Amino acid sequence: MIDFNEKKGFICDMDGVIYHGNQILPGVAEFIDWLHRENKEYLFLTNNSGYTPKELQQKLARMGLDVSEEHFYTSALATAAFLKKQDPGCSVYAIGEAGLLNALYDAGITMNDVNPDYVVVGESKSYSLDTLTKATNLVLKGAKLIGANSDLTGPIENGIMPACRALVAPIELATGKQAYFCGKPNPLMMHTGLEILGCHSAEAVMVGDRMDTDVVVGMESGMSTVLVLSGVSTRETVDTFAYRPSIILDGVGSIVDVAERQKK
């Protein structure tokens, strides 16, 4: 059991935890109110590379949630930070949406579809056979392959959609090269999140809906972990993994219920 009242910081996944598509999940408003009321540090950390923090802030605002821009960190920002540290001033051929492209530009990384240092792939509505062919040939010419995250699928309102790992896989198969993934469960992203919060791992909780990304990265980073059953993983799939979360709850609203009971 986690004593939620004793914890200083909360890192929460978004897709499947806060919303599905454009539909807010039950208990989310109460959870955010509790974070503010109890003066908790918190960060919404998403593997979805498509959105900028400003777009995520506006998306939640349309759902009636008031969360300021500094509370968001994405795999796009993690990817840009990784490349800036590894190879300052490098160039990339990027397949992705505004969140990824803006993060790369802000990190001083330029676009190059002729002889880039890296091919970077994130979630993208413009993904096509043409972009796949271009990326494949650039990797064969020596560009290093980077994926924004290793999620195979993501939850949507009426099912699932292929995510970044599924989009990178054809390039890996065609080239024989393995991609490096910057988002969860890469611990680099979690360490940055803890730095943003100003928390030690023992003071923080990771809240997510996936055993294979959220729970494992929280556990390996030394954090307490909450698996919520509002997204991908189920009670049945938990048993297929060699590790377990600290606690399993129906949704983030249950964190508030547990915290209130612990106070009594």
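Above: the structure in question.
Throughout, residues of each chain are indexed from 1 in the direction in which the sequence is written. Where local features are concerned, this predicted model is filtered to residues with pLDDT of at least 70; where side-chain atom pairs are given and counted, the filter is 80 or more; whole-chain, interface and lining totals use all residues. The basis for the side-chain values is all heavy atoms of the structure; hydrogens and waters are excluded.

A.B. asks: I tried to follow the packing of helix α1 (residues 28-37) against helix α10 (residues 253-263) on my own but got confused; where do I start?
C.D. replies: In a packed pair of helices, the relevant descriptors are the angle between the two axes and the axis-to-axis distance. Only C-alpha atoms enter the line fits that serve as axes; for helices the fit covers just the stretch in contact. Angles between N-to-C directions range over 0 to 180 degrees. A run of DSSP states H or I qualifies as a helix once it reaches four residues; a run of E qualifies as a strand once it reaches two. Both are numbered from the N-terminal end. Remark: α1 packs on α10, axes separated minimally by 8 Å, with the N-to-C direction vectors making an angle of 45°. Judged on the interaxial angle alone, α10 and α1 are oblique. Of α10, the residues touching α1 (which contributes E30, F31, W34 and R37) are I255, V256, A259 and E260. For the contact of α1 with α10, the residue count by class is five nonpolar, no polar and three charged. Reported orientations rely on four angle classes, namely roughly parallel under 35 degrees, roughly antiparallel over 145, roughly perpendicular from 65 to 115, and oblique for the rest. Throughout, a contact is declared for two residues whenever any of their heavy atoms are within 4.5 Å. Charged residues are taken to be Asp, Glu, Lys and Arg, nonpolar residues to be Ala, Val, Leu, Ile, Met, Phe, Trp, Tyr, Cys and Pro, and polar residues to be all remaining types, Gly included.

A.B. asks: Please clarify how unusual backbone geometry should be interpreted in this entry.
C.D. replies: Apart from glycine, the bulk of residues carry a negative phi angle, and the bulk of peptide bonds sit in the trans form. Residue P185 follows K184 across a cis peptide bond; omega there is 10°. Among the structural elements, P185 can be located in the loop between β12 (180-181) and α7 (187-197).

A.B. asks: Help me understand the sheet that holds strand β7 (residues 110-111), please; the structure alone is not making it clear to me.
C.D. replies: Think of a sheet as strands paired side by side through backbone hydrogen bonds, with each pair either parallel or antiparallel. Two strands pair if DSSP finds at least two bridges between them. Reading across from one edge, β7-β6-β8-β9-β12 is the order of the five strands in this open sheet, with parallel pairing throughout. Edge positions in the sheet fall to β7 and β12, since each has one partner strand and no second. Bridge analysis of strand β6 (residues 91-95) against β7 gives two bridges, and the strand direction is parallel. Residue pairing across strands places S91 opposite T110, the latter belonging to β7. Packed on one face of the sheet, helix α5 (residues 129-140) meets β6, β8 (118-121) and β9 (144-147) and runs near 150° to β6.

A.B. asks: Just to check I follow, could you spell out the nonpolar core for this structure?
C.D. replies: For soluble globular proteins, the rule of thumb is that nonpolar side chains tend to be buried together. Remark: nonpolar core denotes a set of buried residues (Ala, Val, Leu, Ile, Met, Phe, Trp, Tyr, Cys) joined through side-chain atoms within 4.5 Å. Only protein chains enter the accessibility calculation, which uses a 1.4 Å probe; a residue whose area is less than 20% of its type maximum is buried, one above 50% is exposed, and one in between is partly exposed. Within the largest apolar cluster, 33 residues are counted, with the highest numbers of intra-cluster contacts made by F4, F10, F44, L60, V207 and V226. Top contributing element to this core by residue count: α1, with five residues. Ignoring any residue separated from it by four or fewer positions in sequence, one finds V226 in contact with I2, F4, V205, M206, V207, G208, I247, L249 and I255.

A.B. asks: Got a minute to help me understand the pattern of salt bridges in this structure?
C.D. replies: If charged atoms from side chains of opposite charge come close, those side chains can pair. Definition used for salt bridges: Asp or Glu carboxyl oxygen within 4 Å of a side-chain nitrogen of Lys or Arg. Applying the stated criterion across every chain, the model contains seven salt bridges. Across the salt bridge formed by D13 and K184, the nearest N and O atoms sit 2.9 Å from each other. With a gap of 171 residues between them, D13 in the loop between β1 (9-12) and β2 (19-20) and K184 in the loop between β12 and α7 connect regions that are remote in the sequence. Note on D13: relative accessible area 5%, which makes it buried. A relative accessible area of 1% places K184 in the buried class.

A.B. asks: So what exactly am I meant to see when it comes to the side chain of N149 here?
C.D. replies: With respect to the secondary-structure elements, N149 resides in the loop between β9 and β10 (153-156). Judged by its relative accessible area of 0%, N149 is buried. Definition of a polar contact: a pair of N or O atoms within 3.5 Å, with one able to donate and the other able to accept a hydrogen when the atoms are protein atoms, and with sequence-neighbouring residues admitted only if both atoms are side-chain atoms. Here the side chain of N149 touches D151 through a polar contact of 3.0 Å, landing on its backbone nitrogen. Those residues within four positions of N149 in sequence are excluded, and the remaining contacts are N47, N48, S49, S75, E123, C164, R165, F181 and G183.

Note that every value here comes from positions in space, so none of it alone points to a role or purpose.
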